[in-house]
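Read off the chains here:
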Amino acid sequence: MLRLEKRPTPSRFWSWGTPVLAVALTMIAGGMLFALLGKDPFLAIKTIFWDPLFGEFAWYLRGQLLVKAGPLALIAVGLSLGFRAGIWNIGAEGQYIMGAVFGAAVGLAVYPTESRLIFPVMILAGAFGGWVWAMIPAILKTRFNTNEILVSLMLVYVAETILSKAATGFLRNPEGHGFPGSRSFSNYPAAHNPEIFAGTGMHWGVVAAFIAVIFCYVLLQRHIVGFQIKLAGQAPRAARFAGVDPNRLVVLCLGLSGALAGLAGVFEVSGPAGQISIDFSSGYGFTAIIVAFLGRLNPLGILLASLVMALTYVGGEGASTDLGLPKAAIQAFQGMLLFFLLGADLLSNYRIRFTLIGKETR
Amino acid sequence: MTRENLLTIEGLSKSYPGVKANEDVSFKIATGEIHALLGENGAGKSTLVKMIYGLVRPDEGRMILRGQSYAPSEPREARASGVAMVFQHFSLFDALNVAENVALGMDNPPKQRELAARIREVSEGYGLPLDPARLVGDLSAGERQRVEIVRCLLQDPKLLIMDEPTSVLTPQEVNILFDTLRKLSAEGTSILYISHKLEEIKALCDEATILRRGKVVGTCTPREKSAREMAEMMVGATLNSPERPAGELGEVSLEVRNLSVASANPFGTSLRDIGFAVRKGEVLGIGGVAGNGQDELLMALSGEARTKRDSIQVNGTDIGEMGPNERRRLGLVTAPEERLGHAAAPDMSLMENALLSGDVRKGLTRKGFVDWGATRAFAQGIVEKFDVRTPGISTAARALSGGNLQKFVLGREIMQDPEVIIVNQPTWGVDAAAAAFIRQALLDLAAKGAAVVVISQDIDEVMEVADRFAALNEGRLSPPVPTKGLTIDEIGLMLGGAHGMHKAEVSHAEA
């Protein structure tokens, strides 16, 4: 018989062991899924996890890892603060889009002026755009006690509509022969977010992600606000007793995660994506939720998790071109990761006991 | 008296990882006997009755019920054998009526109308009047307990187990309960009565088995022993009563005027027009049956609930609109009743929990950055001074026993050298020796000139520490009176007498 027994204190080993276990289980279940699709499961797993790092095109794909991991880490680290406080911002994708639209709008408004100030101002505008978009659920929650999960999620679809309006209307390239999409930032040096070292994939967004990780780490470990965030998530009544104002925390956490998502958006649009286009929205905002949990809501863990997740993106693309795996199979694969992670989390709070039926009823 | 044995317990043992909850426990209960199970918190009383009620399986030993081997694997089986239990914490649904609640706890409930008639019949037969159609949310704690008792009685039990039944009752309600239990006993129902209130046991019980650290350390006939002798058997040491150093009372430190707060919870109690003043060096005791507004009063005083600006004053400053930390800065600290989740965060370490309320007065942060060294020293100080039994200060709060965590929480507030301290149920679940220590620490604070408010359901405790006494009843506070010369009957009347015994149920409707 299997029995679950609550541990007196959460297991330290399993709280870090579960992400590893979850990745392993995902490989097994994913392999079975690929086998059912008629592909060689070992080859598929190797294409996803091995080739981007050590395969034939690793010299290029390794750089792509940072390109994908940067925005994921930036968004996830912001989300993790809210998640720790029990404030569920599910709409980072919308804030990411709005950050890109705001930042791009500022840059394109002054085109073709050349000035060193343009890029920094775009960055601020991007952060502001994400922050504004996150303030909508924050204010509705503090004023009218609405559910931030629903409001922030719904606003993703509003943001996507605004994005397509931007790409086909107010930000469209006037010299683009009527095709949707804005001017390209790669042709506009003052507003371009280039690779800092060629071939590494390292752009200013990746630098920002590192800074955000360090900032959040210090906030959580050393600062009273970080303590209040953790307290509010674990024991809301105790937080009130400790003098934490829940509304202030909602505004702070949503605002910070929105601003970071907005930053990710503006770095992406001015760098790797290069322009506002209809399909700019790439799901980073949603995938970052998985990254946040895979990294245990811990800033350093998130850094690692964003690299793992980037691997599935880069490797997944390889698998779909080389092996013809459908895109949806890769998404299912990423979803499994969160599923197994949440399932395996049981281990950190519970102990599994095997008991013989005969012994109990003696 | 030679009565037939109903239940014989032989050598029961039960271990949990790291603790022996029960070790070789043996005793007998005769038919119709009221048998007391006496012991401090953590002595193993609960584990023992859980084994009798089929919630926990013993590792070793056996039980014999009415001459037959008895090993219930689940409560349903225990009930089928005639064993019923009234728990300390009620398992009732506020939004359902009495009859529906009773039906939920029965294995084969009869039709509602039939059940209502039987509830009426049984409850009146045993002097516990209950209206089957009333919503449980509207009932007093005493009446809720009746629902639980009647639910058991409907099953016609041979053995009724009662776990700390009087902790929520007024003295008058206790008397009514005791009449009921005596009547049951006279009809041949045995009762296993768990308590640490010795006067009650002396008044009610025929025999007593005393547990300490999971073992039987003695048996006695309570009528023949003094309360002190039994307490010393329980604790295994001689006890000192707290001493009250005589001190001069200073000026008014905490003043509450026309304090009214609507409860946030639909089944909570709203505070109505509360007023009192506490002087420096004075201890005010606030008694009352659970659920009469104690929690709400503490939250209004702590700053978790805001009130009108001038409803509360500390040393002449209006603090009604201030939050908890601003109040702490002015010298007002509080200790809520609920330890896990309110006074302390369960999954956080003791060190983090020391920071939780100690930040402001102990200066544990600098420009918002936590000084973990100072925090560690503060936590370590609490653990040492208040004898908190823990492997270390990085242990999670939830891993501590209730009594130890209570010591930690009280110690955390007391060691902040407050000018005003308000505590709710300060010794709830704490063993006798530690309770005496906590009471002494509160009295020492008063001697140093702090204004102390002790909210407690334990009348003996209030009488022991307080200079003046006020009763909280349905959100209203009686005018405080000096404790000296107050009799238990007078207190009972102040607490609101016996709920529901005057057939005054109509008055609840307006509430």
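Residues numbered from 1 in each chain as written. Chains lettered and ligands numbered in written order. Predicted model: local features only at pLDDT ≥ 70, side-chain atom pairs only at ≥ 80, totals over all residues. Heavy atoms only, no water.

Caption draft 1: Quick look at the overall build of chain B. For chain B, the helix and strand inventory stands at 17 helices and 23 strands. Against the compact-globule benchmark of 24 Å for 511 residues, chain B has a radius of gyration of 24 Å, which places it among compact chains. Along the longest, intermediate and shortest principal axes, the C-alpha atoms of chain B span 70 × 50 × 40 Å. The burial tally for chain B puts 56% of its 511 residues in the buried class. Counting contacts in chain B only where the partners sit at least 6 residues apart, residues at least 24 apart contribute 67% of the total. In chain B, 58 side chains carry a positive charge and 69 a negative one; their mean positions are 3 Å apart. (Helix = DSSP H or I, 4+ residues; strand = E, 2+ residues; numbered from the N terminus. Rg over C-alpha atoms; globule rule 2.2 N^0.38 Å. Buried < 20%, exposed > 50% of the residue type's maximum accessible area, 1.4 Å probe, protein only. Contact = heavy atoms within 4.5 Å. Lys, Arg positive; Asp, Glu negative; His and termini not counted. Charge placed at Lys NZ, Arg CZ, Asp CG, Glu CD.)

Caption draft 2: Region of interest: the packing of aromatic side chains. All chains considered together, the criterion is met by 18 aromatic pairs over all chains. Aromatic rings pair up to connect Tyr96, Phe280, Tyr284 and Tyr313 of chain A into one cluster. Note that Arg328 of chain B overlies the ring of Phe241 of chain A, its terminal NZ or CZ placed 4.9 Å from the centroid. (Phe/Tyr/Trp six-rings, centres within 6.5 Å; stacked < 30°, edge-to-face > 60°. Lys NZ or Arg CZ within 6 Å of the ring centre and 35° of its normal.)

Caption draft 3: Looking closely at the packing of helix α11 (residues 350-362) of chain B against helix α12 (residues 372-385) of chain B. Residues and elements named next belong to chain B. In contact at an axis separation of 9 Å, α11 and α12 are set at 105° when each is read in the N-to-C sense. With respect to α12, the element α11 is oriented roughly perpendicular. Counted together, Leu350, Met351, Glu352, Ala354, Leu355, Gly358 and Lys362 of α11 and Trp372, Thr375, Arg376, Phe378, Ala379, Ile382 and Val383 of α12 form the full contact between these two elements. Its residues assigned to classes, the contact of α11 with α12 shows nine nonpolar, two polar and three charged. (Axes fitted to C-alpha atoms, helices over the stretch in contact; angles between N-to-C directions. Parallel < 35°, antiparallel > 145°, perpendicular 65-115°, else oblique. Nonpolar A, V, L, I, M, F, W, Y, C, P; charged D, E, K, R; others polar.)

Caption draft 4: Quick look at the sheet that holds strand β11 (residues 252-261) of chain B. Residue and element names in this part refer to chain B. Strand order in the open sheet formed by four strands is β12-β11-β14-β15, and the pairing between neighbours is antiparallel. Lying at the two open borders of the sheet, with one neighbouring strand each, are β12 (271-279) and β15 (317-318). As paired strands, strand β14 (residues 312-314) and β15 are joined by two bridges and run antiparallel to one another. Paired with Val314 across the bridge in β15 is Thr317. (Pairing = 2+ DSSP bridges.)

Caption draft 5: Broad picture of the domain arrangement of chain B. You can read the domains of chain B as domain 1 (1-82 + 157-239), domain 2 (84-156) and domain 3 (252-339 + 418-509). The straight-line distance from the C-alpha centre of domain 1 of chain B to that of domain 3 of chain B is 33 Å. (Domains from an automatic or database assignment.)

Caption draft 6: Spotlight on the nonpolar core. Grouped together as the largest cluster of nonpolar side chains are 146 residues, with contacts concentrated most on Leu74, Ile75, Leu231 and Ile276 of chain A. Among the elements that make up this core, the one with the highest residue count is helix α11 (residues 246-270) of chain A (twelve residues). Counting 51 residues, the second-largest nonpolar core is a separate cluster that includes Ala99, Met106, Val122 and Leu153 of chain B. (Core = buried A, V, L, I, M, F, W, Y, C linked by side-chain atoms within 4.5 Å.)

Caption draft 7: Broad picture of the pairing of strand β16 (residues 332-335) of chain B. All names here are of chain B. Here β16 shows a buried face lined by Leu332 and Thr334 and a second buried face lined by Val333 and Ala335. The pairing of β16 with strand β19 (residues 420-424) spans four bridges and is classified as parallel. Residue Ala335 lies in a different strand from β19, and its bridge partner there is Val423.

Caption draft 8: Expanded view of the side chain of Asp163 of chain B. Residues and elements named next belong to chain B. With respect to the helices, strands and loops of the structure, Asp163 is situated in strand β7 (residues 159-163). Lys45 provides the closest opposite charge to the buried, unpaired Asp163, separated from it by 6.4 Å. Not counting chain neighbours up to four residues away, the residues in contact with Asp163 comprise Ser46, Met85, Val86, Phe87, Gln88 and Ile194. (Salt bridge = Lys/Arg side-chain N within 4 Å of Asp/Glu carboxyl O.)

Caption draft 9: Fine view of the side chain of Glu413 of chain B. In this structure, Glu413 of chain B sits in helix α13 (residues 402-414). For Glu413 of chain B, the side chain forms a polar contact with the side chain of Ser357 of chain B, separated by 2.7 Å. Every residue in contact with Glu413 of chain B, bar those within four places of it in the chain, is listed here: Phe241 of chain A together with Val333, Thr334, Ala335, Ser357, Pro418 and Ile421 of chain B. (Polar contact = N/O pair within 3.5 Å; in protein donor to acceptor, adjacent residues only side chain to side chain.)

Caption draft 10: Region of interest: α11 of chain A. Residues and elements named next belong to chain A. Counted at 1.5 Å a residue, the expected span for α11 with its 25 residues is 36 Å, and the 36 Å between its end C-alpha atoms agrees. With 19 of 25 residues buried, α11 is to be regarded as a mostly interior element. The backbone nitrogen of Asn247 lies 3.1 Å from a side-chain oxygen of the residue at the head of α11, namely Asp245. (Expected span 1.5 Å × (residues − 1).)

Caption draft 11: Representation of the confidence of the model for chain A in the model. Overall, the predicted model of chain A reaches an average pLDDT of 89, with 97% of residues at or above 70. Segment residues 358-362 of chain A is flagged for pLDDT under 50; beyond a separation of four residues in sequence, or across chains, it makes three contacts in the model. (pLDDT = per-residue confidence, 0-100.)

Caption draft 12: Layout of the interface of chain B and chain A. Residue-level contacts link 36 residues of chain B with 26 residues of chain A. Interface of chain B and chain A: buried area, both sides summed, is about 2,400 Å²; carbon and sulfur atoms make up 57% of it. On the chain B side of the interface with chain A, the three residues burying the most area are Met348, Leu356 and Arg398 of chain B, jointly 22% of the side's total. Two residues, Asp295 of chain B and Arg237 of chain A, come together in a salt bridge whose shortest N-O distance is 3.5 Å. Taken together, the connections running from chain B to chain A amount to eight residue pairs in polar contact (both at pLDDT 80 or more). Contributions of two or more residues to the side of chain B that touches chain A are made by α9 (294-302), α10 (324-329), α11, β18 (369-370) and α13 of chain B. At five residues, the largest contribution of residues to the side of chain B that touches chain A is made by α11 of chain B. (Buried area = accessible area lost by both parts, 1.4 Å probe.)

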